[in-house]
Every structure is written in structure tokens, then in C-alpha cells.
Amino acid sequence: MRTRRYPALTVYAGLVGLLLCALVIGVMQGAVALSPVAILKILLRSVGMSLGPVTWEGADETILLELRLPRVLGAGLVGAALAVAGVLFQGLLRNPLADPYIIGTSAGAGVAATVAMLILPPASILGFGSVALSAFAGGLLAVLLVYRLARVDGRSSPVTLLLAGVVVNTVLGYLGSLSIVLFEGSEFRLRHVFTWLMGGIAVHDLRQLLVVGPMIVVGIIAAYGCAASLNALAVGEEGAQILGVDLDREVGRIIALGALLTGAAVSIGGLIGFLGLAVPHILRLLLGPDYRRLVPASAMVGATILVLADTAARFVAAPAELPVGIFTALLGGPLFLVLLRRDGRESGWR
Amino acid sequence: MAMKPVIRLDGVRFTYSGGRGLTGIDLCVEPGERIAILGPNGSGKTTLLKVMLGLLHPQGGTVSFEGENLSRISRVELARAMAMVPQELLLPYALTASEVVLLGRTPYLHRYRGPVRRDLEVAQEVMTATDLVSLASRPYSELSGGERQRVILAMALAQQPRLLLLDEPTRLLDLNYQIGMLSLIKDLTVTHGLTVLASMHDVNLASLYFDRMVLLSSGRIVADGPPEQVVRPDVIRKVFGVSVLVRRHPGYDIPWLTLAPDISNPISVREDTSDAINP
């Protein structure tokens, strides 16, 4: 662990570089390949700066600005949000198995999305379909339920949160299954439900990014503000209070932020697993346990990984598209295991 | 003007759902005092510490810290004035000794800023005072029990408290570290102007290092005063239910307690004349 502390500036410069590379790759690749030069020219022209005459096809501009860029930015935002939510919950619950969905989000969003797919008309607000909106609301409601259930003597302790989360996740998960069984002719839509549950970036409308983007960016900045409390929680709940942490307020704040980030991610990404679990772990191995580093680094690495995974999901079986959750698990899993076996004893959880 | 008591408890009552707890505690701690809280297991020592820390809210009576009602002081404000050394500290992931010590600066950190130079300076100072400089970059988990205890103490000192509470600071330490820890704490009360309250199990160690003893039994204070007044065979027998002999420490002018479970065999008669050392 002592040997693995790199200067913050080097780390952040490296991570920003990686993220930029991933974004460029994500924008270039697809059914129609775009060159970096063309991308740069189109982008500059779209903000009113012209670099010479138009040398690309009109379709390229549409593909870049209306399809690929929103998609890649969406993937980046979702990846960043999930990774930071994972950091928040792992720190709060002091548990290495915690992920963004652990206290109810996945099942809440899942059951709400399933029901929406089965019975709601495909209306849309600000570009968000009824499924996305239901998932967002369902996830937040489930977290609220868990938070209320876990409150004993006027406060929620991490252990009761964890238990209530597991119970609510399980019960809601089966409710989702029940609704599929109960609805006549639901087999037809089953495939949509499962595809959605496996996760996939779906940005149909730039307005979606204008809603989700600020939410995630502000959420991550606020999460950074919780770093000192998360660090102090290493000495336990009472210990953190003795160190000046207003536990009730900070627990509420961390849960609210985690739930909002996860909900925002779910509303355009479905249930993308593994990322929120693995990214904080990998970075803890590489950078040490200081949450002041883990929060921003997780945001950047989460974004990088999901942009690359989403590119692969579009690319590998083109023109068909694979659920991106498959890639985060298949690529992230082995990498995670290698790091864990190499360094786990030294600087991981105990 | 008389100085305000550091902490003052008036008729403090706290009962757990199981029935145990504190029943009517009156205690006034003056600045610079070094107090040992003694009592059998379950007598309320830890509960008393938690009430003083504001972790448990009394169901009756009042606690005031430096003249102000404890419940009206924010956690951050309190953390800058009062610190606690727990018996042990289990960390969920690896931290170095200096990282643990730096956690003591939490109440001084700005929400969006990391430790500033002042925080690092204070951490360095307290690590020097607790002889930890050479261990700074060692993982906490690889340290010995005595070293860990010093790290926890340094973390508490980094809060720059005026009142330091310790929960059985010598329980997990061998003899050498027990003496080392208590001497260090005694020195710190002088150099840092600390007031110290520690729960203790060892009556003799308490007599050696503390100038006031508070004896708890079933949630109430049954004796409170200098060791001479508290360490008496009748008091100890009543509270702990064991027979003891109390004589003078051969080297210092303090009472010294010896266990004498078999009271029918009067070893004390012989021993009273056998002291060769005269202090």
C-alpha cells in the first residue's frame, strides 16, 4: 500500500487522459467510422468556429451530433454516476460488497420499469420514456422505504440499512417476477424487460442529457464533499461521531446522493451491474483508501470504462447491439480478479 | 474568578432497555484533574463515558461541558474540545499510522478541502509527543498492541481536546506498555493542559497514575475522592465482592491493594512486619 501512492496530480492527469481517449474512440467507432479530424471539424463548426470548407457528408454531422455524441456522453455520465454511488455506499456501509443497488435501487427500479413496460403507454417527458421515469421513481422510492425500515430509535445504522436493503431487494425482485407472470400476453414484452434489466445506454433525445447531466455532475461534486465523513467512518459510527461527524445528517446525505446518482444512471442506462462494485475496489487497490481521491478518480474511471464497454457493445456484433452490462461484467470481472489476487491482501478490505 | 468545571453531571440517569445503566450520577470535573473511573463489569463505566461524549442522551438530569448544556453543542464543536481513546480500533481497510492520526483532524477540515498545512503540523506534533514518528508510514494493522494504542491516543490528541476520555487504556497491553501508556498520559496532562478521565480495571495502576478515583457500582457513584479515601478494604469488598488487604505502596505514598480471597488465613498479620523497604 505504501508503494502504491502516486502523487494526486499525476493520477488525475492520467485519468483525464484515459477518459479523453475513451471518448474519442467511442465517438469514432460505430456502423459508420468517423475520423478524429472530421470529428474535431464538425464539433468546432457546431459551436460556431469554422476550420475550412465542409469536407464531410451531411449524414456524418447528423450521426455525430445527434446519435453518437449523446450516446457516448450518456455512457460517460452513467459510468461516473454508478462508480461514485458505489464509492458512497461502500464507504457508508463499510462493506466491500456494497454496490449502487444494494439498498433497494435495482429492485425498485426493476419492478417499476417492468410494470411500466407492461401497462403504461409509451409517453415521454423531456425525452424520457415512461419506463425510464418509472425506473427513476421506483429506485428512489425503494431507497426511501429501506431508509425508513432501517430506522431504529430515530437513526439508521449501516447494518440495519444493509439488511433492510437485502430484504427489500429480494421482495421487490419477486414482485417484478409476479407481475410478469400475472399479465396476460406479457411473454411478448418479456424480452424488452430482460434487455432493460441487463442494461444499455439509451439516449434518444439531447434533452435527456440536459436533465441527467447536471444532476450527475452536481451529485458527484456533493459526493466529494462527503469524503471527510466517509474517511472518518473507517473508525466506526461512534468513532466518527466523536471525530465530529453529525452521523444522522451525513448518513441521510450520502444515501440521498447515492440514490439520486443511481436513479439518474438507471433512467438512461437500465441496470448496469458490476461497474459500481468493481471500480471503487480497483481504485482502492491502486490509490489507497482516501475518499478524497476515490470519489473523483472513480467518477473518471467509471466514465472511461462504460464509454469503452458501450462502444464494444455497439461494435462487436454490429449491426446488432449487445447489452452493455455484459461487457462491464465480462471485461471488468477478470481484470478485477487479477488485481484482487495480486494486491488484495495488502490494501483491500479486511 | 473560579474556573468553570470541564464537565459536570447533575442527577444523570440513563437506563438501557435491559434495566442496566446509570441512576443519578453527580460528578464535577475541574480543569487539569486526572480521574480514574473504577467499578465491576456492568457497573456503568462505559455508559458514563458515552453520556459525557454525547453519544447517549441522559433520560434525566443534565450534562454540561464548560458551563454549556452538552446537548446544545454541535458534534464538530464538541470534537474540537473532547476526544476519546477507545479500547481498540478495528479498521475495515488498511490505513497507515499517520493516516489514522490525521483522522483526528476531521473536525477541523473544510468540507471541500483536504488537510491543510496546519493539520499536518498538528499531526506531526502529536506523533512526536507519542513517539510515533518512526512508525508513521507503517500499516496500522501491522503494529503491536502497544503501538496501536499510541496511534489511537495520537489521533485523539490531534483533535486538540481539552478533555480526554479513555476507555480502559491498559486493558490489551502488557506490563511494560501499561506503564508506558499511563506515564505518557500523565505527562500529557501537564504538557498539553489536558483533563483526563479514564475507566480502569486495575486499582493499583489507578492509584499510581490518577489523583482522583470515582468508584461505580450498579450505575451509581459509591466513592469519589483521592485513592486514600476510595481504596479501602470495606469499600472494595462492598463493590467488587472480594476480600482485599490494603497497605501502603513500598515505594510511593499511595494505598496498595492485595487480593486476599481466603480471609480465614490471616496472612496479613505476618506480612505487616515483613516490609524491609521504607519509602
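The rules behind each value
- Every chain's residues receive numbers from 1 upward, in the order its sequence appears when written.
- Whichever chain is written first is A, and whichever ligand is written first is 1; the rest continue in order.
- Restriction of local features to residues with pLDDT of at least 70 applies here, the model being predicted, together with a cutoff of 80 or more for giving and counting side-chain atom pairs; totals for whole chains, interfaces and linings are based on all residues.
- Based on all heavy atoms of the structure, the side-chain values leave hydrogens and waters out of the count.
- Only DSSP runs of H or I with at least four residues qualify as helices, and only runs of E with at least two residues qualify as strands; both kinds are numbered from the N terminus onward.
- Partly exposed describes any residue whose relative accessible area lies between the buried limit of under 20% and the exposed limit of over 50%, with all areas from a 1.4 Å probe on protein chains only and scaled to the type maximum.
- By definition in these notes, contact holds between two residues if any of their heavy atoms fall within 4.5 Å.
- Here a polar contact is recorded for every N or O atom pair within 3.5 Å, except that within protein the pair must consist of a potential hydrogen donor and a potential acceptor, and residues adjacent in sequence are included only if both atoms are side-chain atoms.
- Strands pair, by our definition, only if DSSP identifies at least two bridges between them.
- The span one expects for a helix is its residue count, reduced by one, times 1.5 Å.
- In this description, the arc belongs to the directions extending from the helix axis to the C-beta atoms.
- Here, a salt bridge means any Lys or Arg side-chain nitrogen found within 4 Å of an Asp or Glu carboxyl oxygen.
- The distinction between a cavity and a pocket rests on a 1 Å grid over the protein atoms alone: a 1.4 Å probe fits inside a cavity but cannot get out, while a pocket stays open yet meets protein on both sides within 12 Å along at least five of seven lines, and a residue with an atom within 4 Å of a point counts as lining.
- Grid points are joined across faces, edges and corners, and a volume is the space filled by probe spheres set on the points.
- By the convention adopted, Pro, Cys, Tyr, Trp, Phe, Met, Ile, Leu, Val and Ala count as nonpolar, Lys, Arg, Asp and Glu as charged, and the other residues, Gly among them, as polar.
- The split into domains, and so the bounds of each, comes from an automatic or database assignment of domains.
- The term buried area means the drop in 1.4 Å probe accessible area that two parts suffer when joined, counted for both and summed.
- Where helices are involved, their axes are fitted lines through C-alpha atoms of the stretch in contact, as for all axes, and angles between N-to-C directions lie from 0 to 180°.

Undergrad: Hey, could you run me through the environment of Asn69(B) in this one?
TA: Residues and elements named next belong to chain B. Structurally, Asn 69 is set in strand E5 (residues 68-69). Exposure remark for Asn 69: the relative accessible area of 24% places this residue in the partly exposed category. A C-alpha to C-alpha distance of 9.7 Å links Asn 69 and Ile 7, two positions 62 residues apart in sequence. If sequence neighbours within four positions are ignored, Asn 69 has contacts with Val 63 and Ser 64. Engagement of the side chain of Asn 69 in a polar contact is seen with the side chain of Ser 71, the distance being 3.0 Å.

Undergrad: What's the story with the pairing of strand E10 (residues 220-225) of chain B in this structure? I'm lost.
TA: Residues in a regular strand point their side chains to alternate faces of the sheet. Residues and elements named next belong to chain B. Here strand E9 (residues 212-217) runs beside E10; their pairing, made up of five bridges, is antiparallel. The partner of Ser 217 across the bridge, within E10, is Arg 220. Where E9 folds back on E10, the antiparallel hairpin that results is connected by two residues, among which Ser 218 adopts a positive phi of roughly 45°.

Undergrad: I'm lost on the pairing of strand E4 (residues 60-65) of chain B in this one. Help?
TA: Residue and element names in this part refer to chain B. Across five bridges, strand E1 (residues 7-15) lies against E4 in antiparallel orientation. Looking at E4, one finds that Leu 9 is bridged to Val 63. Taken together, the two bridges between E4 and E5 define a ladder with antiparallel strand orientation. When the sheet's bridge partners are listed, Phe 65 is paired in E5 with Glu 68.

Undergrad: Sorry if this is basic, but what is going on with helix H1 (residues 8-28) of chain A here?
TA: Think of an α-helix as 3.6 residues a turn; residues three or four steps apart then line up on the same face. Residues and elements named next belong to chain A. For H1, spanning 21 residues, the distance from its first C-alpha to its last is 30 Å, which sits close to the expected 30 Å at 1.5 Å a residue. Of all the residues in H1, the buried ones are Val 11, Leu 15, Leu 19, Ala 22, Gly 26 and Val 27. Buried residues along H1 cover an arc of 125° about the axis, so they all sit on one side. H1 presents Leu 9, Thr 10, Ala 13 and Leu 20 as exposed residues on the side facing more than 90 degrees away from its buried surface. Contact partners of the buried residues in H1: helix H2 (36-46), helix H3 (58-93), helix H12 (275-287) and helix H13 (291-315).

Undergrad: Just checking my understanding: could you explain the pattern of salt bridges for this structure?
TA: For side chains bearing opposite charge, pairing can occur when the charged atoms are close. Residues and elements named next belong to chain A. Counted by the stated rule, this structure contains 19 salt bridges over all chains. In this structure, Asp 310 engages Arg 71 in a salt bridge whose closest nitrogen and oxygen atoms are separated by 2.7 Å. With Asp 310 in helix H13 and Arg 71 in helix H3, the pair connects residues that are 239 residues apart, well separated along the chain. Take Asp 310: its relative accessible area is 1%, and that puts it in the buried class. According to the relative accessible area criterion, Arg 71 is buried, its value standing at 12%. The shortest N-O distance in the salt bridge between Arg 314 and Asp 310 comes to 3.7 Å. Here Arg 314 and its partner Asp 310 are both found in helix H13, four residues apart, which amounts to about one turn of the helix.

Undergrad: Help me understand empty space enclosed by the protein in this model?
TA: Empty space among the atoms becomes apparent when a probe as large as a water molecule is rolled across them. Scanning all chains against the criterion turns up one cavity of 30 Å³ or more. In terms of lining residues, the largest cavity is bounded by Ile242(A), Leu53(B), Arg75(B), Leu78(B), Ala79(B) and Met82(B). If you tally residues by element for the lining of the largest cavity, the top one is helix H2 (residues 75-79) of chain B, at three residues. Looking at the lining of the largest cavity residue by residue, the class counts come to five nonpolar, no polar and one charged.

Undergrad: Just to check I follow, could you spell out the domain arrangement of chain B for this structure?
TA: Interface size is often expressed as the accessible area that is lost when the parts come together. Residues and elements named next belong to chain B. We note that the domain assignment places domain 1 (1-81 + 161-225) and domain 2 (89-160) within chain B. For domain 1 versus domain 2, the distance between C-alpha centres works out to 23 Å. The partner domain 2 presents 15 residues to the 16 residues of domain 1 that form the contact. For the domain 1 and domain 2 pair, buried surface summed over both sides reaches about 1300 Å², with 70% attributable to carbon and sulfur atoms. Here domain 1 is connected to domain 2 by zero salt bridges. Counting across the interface, domain 1 meets domain 2 through three residue pairs in polar contact (both at pLDDT 80 or more). Counting only elements with at least two residues in the side of domain 1 that touches domain 2, the list comes to H2, strand E7 (163-167) and helix H6 (175-191). Here the side of domain 1 that touches domain 2 gets five residues from one element, more than from any other, and that element is H6. Split into classes, the residues belonging to the side of domain 1 that touches domain 2 amount to 13 nonpolar, one polar and two charged.

Undergrad: Just checking my understanding: could you explain the sheet that holds strand E3 (residues 34-38) of chain B for this structure?
TA: The pairing of strands in a sheet happens through backbone hydrogen bonds and is either parallel or antiparallel. Residue and element names in this part refer to chain B. Read from one edge to the other, the open sheet built from six strands follows the order E6-E7-E8-E3-E9-E10, with strand pairing classed as mixed. Here the strands that pair on one side only, and so sit at the sheet edges, are strand E6 (82-85) and E10. On average, each strand axis in the sheet is inclined to that of its neighbour by 15°, with strand direction left out of account. Inspection of the sheet shows E6 paired to E7 by four bridges, in the parallel sense. Across the sheet, Met 84 pairs through a bridge with Leu 165, a residue of E7. Across the face of the sheet, helix H5 (residues 145-158) comes into contact with E6 and E7 while running at roughly 170° to E6.

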